[in-house]
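Okay, here's what each chain looks like letter by letter:
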Amino acid sequence: ETYTLSFNVSNGSCVTQPTSPSWGTTAVFSNWYTEPECINLYDFNTPVTSNITLYAGWEIKTYVINFNANGGVLTSNTNQTVSNGSKVTQPSNPTRDEYIFTGWYTDSSCTNLYDFNSQVTSDLILYAGWKIKTYTITFNANGGILSSATTQTVSSGNKIIEPTNPIRDEYIFTGWYTDINCINKYYFTNQVTSSFTLYAGWKIKTYVVSFNANGGTLT
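Our subject in this report is the structure included herewith.

Rules behind the numbers
Residues numbered from 1 in each chain as written. Predicted model: local features only at pLDDT ≥ 70, side-chain atom pairs only at ≥ 80, totals over all residues. Heavy atoms only, no water. Pairing = 2+ DSSP bridges. Helix = DSSP H or I, 4+ residues; strand = E, 2+ residues; numbered from the N terminus. Axes fitted to C-alpha atoms, helices over the stretch in contact; angles between N-to-C directions. Phe/Tyr/Trp six-rings, centres within 6.5 Å; stacked < 30°, edge-to-face > 60°. Buried < 20%, exposed > 50% of the residue type's maximum accessible area, 1.4 Å probe, protein only. Lys NZ or Arg CZ within 6 Å of the ring centre and 35° of its normal.

## Looking at the sheet that holds strand β4 (residues 79-83)
Spatial strand order, β4-β3-β6-β5: four strands in an open sheet with mixed pairing. Across the chains shown, the open sheet's two edge strands, defined by having one partner strand only, are β4 and β5 (99-105). In this sheet, adjacent strand axes meet at a mean angle of 25° when their direction is disregarded. As defined by bridge partners, strand β3 (residues 62-68) adjoins strand β6 (residues 124-132) across four bridges and the pair is classed as parallel. Bridged to Ile 65 within β6 is Leu 124.

Shown next, in the form of C-alpha cells:
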C-alpha cells in the first residue's frame, strides 16, 4: 500500500507531520522515512530547501497469546507473541494432579477447542481443559457369590459404595480386604486415588456338638 503526500511549503519552512496512515488490520504505521527502505527517520523540524519524498514505514501487527493453565501447572512460557497471520506454537501439555489434560480451549468453560493450524488475527487467551481421572474397583467374591456389580468406576477423590455382602455356603462374610490373603481390611470411608481389587473375606462356620451320656458318665 503506497502513500503519496504533497505539501506547499515555503523555502526554509518545516513540514507539518500529517495524520498517520493506516493499513487495514495487518500492519501498523511506524514513522516517516527519507528512503523506500525506511532506514532514516525524517525530522519534521528540518527546514525544507528542496522537493522531498517521504515514505511511510510499516510494522506487521503482533498479538499476545496467553495460556491459562486453569488449575494446572505449565512448564513452558505462559504467553507467546505472534505476528499477524502466523500460527501459535502449541506448548508442552500442562499437568494437574488427578486430572487428564484434554486440550486448549478459547473459552473458560472449555467447550471450544482451539485449532493450532489457524492463523492469528487478534490477542487470545487459551484455557487448559481437564477431565478428572477415574478408577475401576473390582470386587472379588473369593469363592462366594456377589449379587451386585463386580466393578465400580469412581472419580478420583470420591468414595466407593459398599456393595451388598456376598454369600457363601457354610462361611461367614468378614469384610472386604485389599489383599487376597484377607489381612488388610478396606474402609469405605477412604478416598479413591487408584484402581485396585477388593477381596471378600470368609470365616468357616463352626458348630457346637454336645454329648449327652444319657445316664452314664463321660471320662
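## Focus on the packing of aromatic side chains
Tallied over the full model, the rule gives 12 aromatic pairs. Summarising the aromatic geometry, the rings of Phe 29 and Trp 58 are spaced 5.9 Å apart at their centres and angled 75° between planes, so their arrangement reads as edge-to-face. Here Trp 58 lies in strand β2 (residues 55-60) and Phe 29 lies in strand β1 (residues 27-33), a separation of 29 residues in the sequence. Ring centres of Phe 67 and Trp 104 lie 5.1 Å apart, and the angle between their planes is 70°; on these two criteria the pair is classed as edge-to-face. Linking Phe 67 in strand β3 with Trp 104 in strand β5, this pair joins segments that are 37 residues apart in sequence. Summarising the burial analysis for this pair, Phe 67 and Trp 104 share the class buried. Among the aromatic residues, those joined into a cluster by ring pairs are Phe 67, Phe 101, Trp 104 and Trp 130. Positioned over the ring face of Tyr 99 is Arg 96, at 3.8 Å from the centre of the ring. Across the ring face of Tyr 171, the terminal group of Arg 168 is positioned such that the distance to the ring centre comes to 3.8 Å.

By themselves, these figures tell us nothing about what the structure is for.
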